[in-house]
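What follows is the residue order along each chain.
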Amino acid sequence: ARTRPWLFAASFTLWVLFAFMPLAGGLIMREFFNALSGGAPLGGLWLLLGLLLGSEALRIGLLLICMTCWITFWSAAEWLVRTNVLDWLLAGPGARALPESAGALVSRFRDDVHEYMVFLDTWLDVTGELVFSAVALAIMLQINALVTLVVFLPMVGIVAVTHIAGSKISAYRKASRSSTGRVT
């Protein structure tokens with residue numbers, strides 16, 4: 001992120017914006033259903049349909065731009081991390097043969113760098129989803145607080161169960177990594 005800050009910042013901002021975009025469609029559909037039920041339409045049903053199509057087209061275009069920026073950053077970052085790790089292993093202080101098999105080392109260069117990039121990618125997703133969730137929750141609370149709580153509380157329970165299961169998932173990942181190293 002420090003070697004290509006503009007690319008990382010652009011990717012981060014675009015992905016957060018992309019995660020936020022479904023709110024536009026939801027708000028337009030809310031106005032559409034309000035218009036169908038006799039509420040005051042924003043500017044006519046056809047305008048609302050046009051806005052909905054336009055927002056979805058913008059979302060698809062933004063997705064293509066996001067993917068291009070992030071894949072460019074991802075590839076450059078993977079290359080840089082692998083290069084730096086290999087350089088440190090060959091010329092860094094205390095350079096020596098590593099205690100693992102060649103297959104485990106190949107897996108480490110491939111999988112560890114990939115996992116690091118997945119970690120960065122997760123931060124983009126989590127930030128975007130948090131922004132989306134906070135704004136969506138505020139909108140839902142304004143519409144009907146009771147229905148919002150009935151929908152939201154089970155989601156909190158699911159997150160708690162997933163968090164508790166994280167230790168088991170971590171143990172399975174460690175075992176999988178060990179097996180992959182032996183096979184490689």
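Rules used throughout
Within each chain, residue numbers correspond to sequence positions counted from 1 in written order. The predicted nature of this model means local features are confined to residues of pLDDT at least 70 and side-chain atom pairs, given and counted, to a pLDDT of 80 or more, with totals for whole chains, interfaces and linings taken over all residues. Excluding hydrogens and water, the side-chain values take into account all heavy atoms of the structure. Secondary structure elements follow DSSP: runs of H or I of four or more residues count as helices, runs of E of two or more count as strands, with numbering from the N terminus. The cut-offs for exposure are 20% and 50% of the maximum accessible area for each residue type, with area from a 1.4 Å probe on protein chains only; residues under the lower value are buried, those over the upper are exposed, and the others partly exposed. We call two residues contacting when some pair of their heavy atoms lies within 4.5 Å. For the charge count, each Lys or Arg is scored as positive and each Asp or Glu as negative, with His and the chain ends excluded. Here the site of a charge means atom NZ of a Lys, CZ of an Arg, CG of an Asp or CD of a Glu. Ring pairs shown here join Phe, Tyr and Trp side chains whose ring centres sit within 6.5 Å, with only the six-membered ring taken for Trp; geometry is labelled stacked below 30 degrees between planes, edge-to-face above 60, and tilted in between.

Chemist: Sorry if this is basic, but what is going on with the overall build of the protein here?
Modeler: If you tally the helices and strands in the protein, you get 5 helices and 0 strands. Along the protein, from the amino end to the carboxyl end, the secondary structure elements read α-α-α-α-α. Based on the C-alpha atoms only, the size of the protein along its principal axes is roughly 75 × 35 × 25 Å. Split into buried and exposed, the 184 residues of the protein put 21% on the buried side. Once local pairs closer than 6 in sequence are excluded, the contacts in the protein between residues at least 24 apart make up 77%. Mean positive and mean negative side-chain charge positions of the protein (13 and 11 charges, respectively) differ by 9 Å.

Chemist: Sorry if this is basic, but what is going on with the packing of aromatic side chains here?
Modeler: For any two aromatic rings, the description comes down to two numbers: the centre-to-centre distance and the angle of the planes. Counted by the stated rule, this structure contains 8 aromatic pairs. Between the aromatic rings of F8 and F12, the centroid separation amounts to 6.1 Å while the plane-to-plane angle is 35 degrees, which identifies the pairing as tilted. Residue F8 and its partner F12 are located together in helix 1 (residues 5–20), separated by 4 residues, close to a single helical turn. Given a relative accessible area of 26%, F12 falls into the partly exposed group. With 6.2 Å between their ring centres and 80 degrees between their planes, W70 and W74 make a pair best called edge-to-face. Of this pair, W70 and W74 both sit in helix 3 (residues 45–91), 4 residues apart, which is roughly one turn of the helix.

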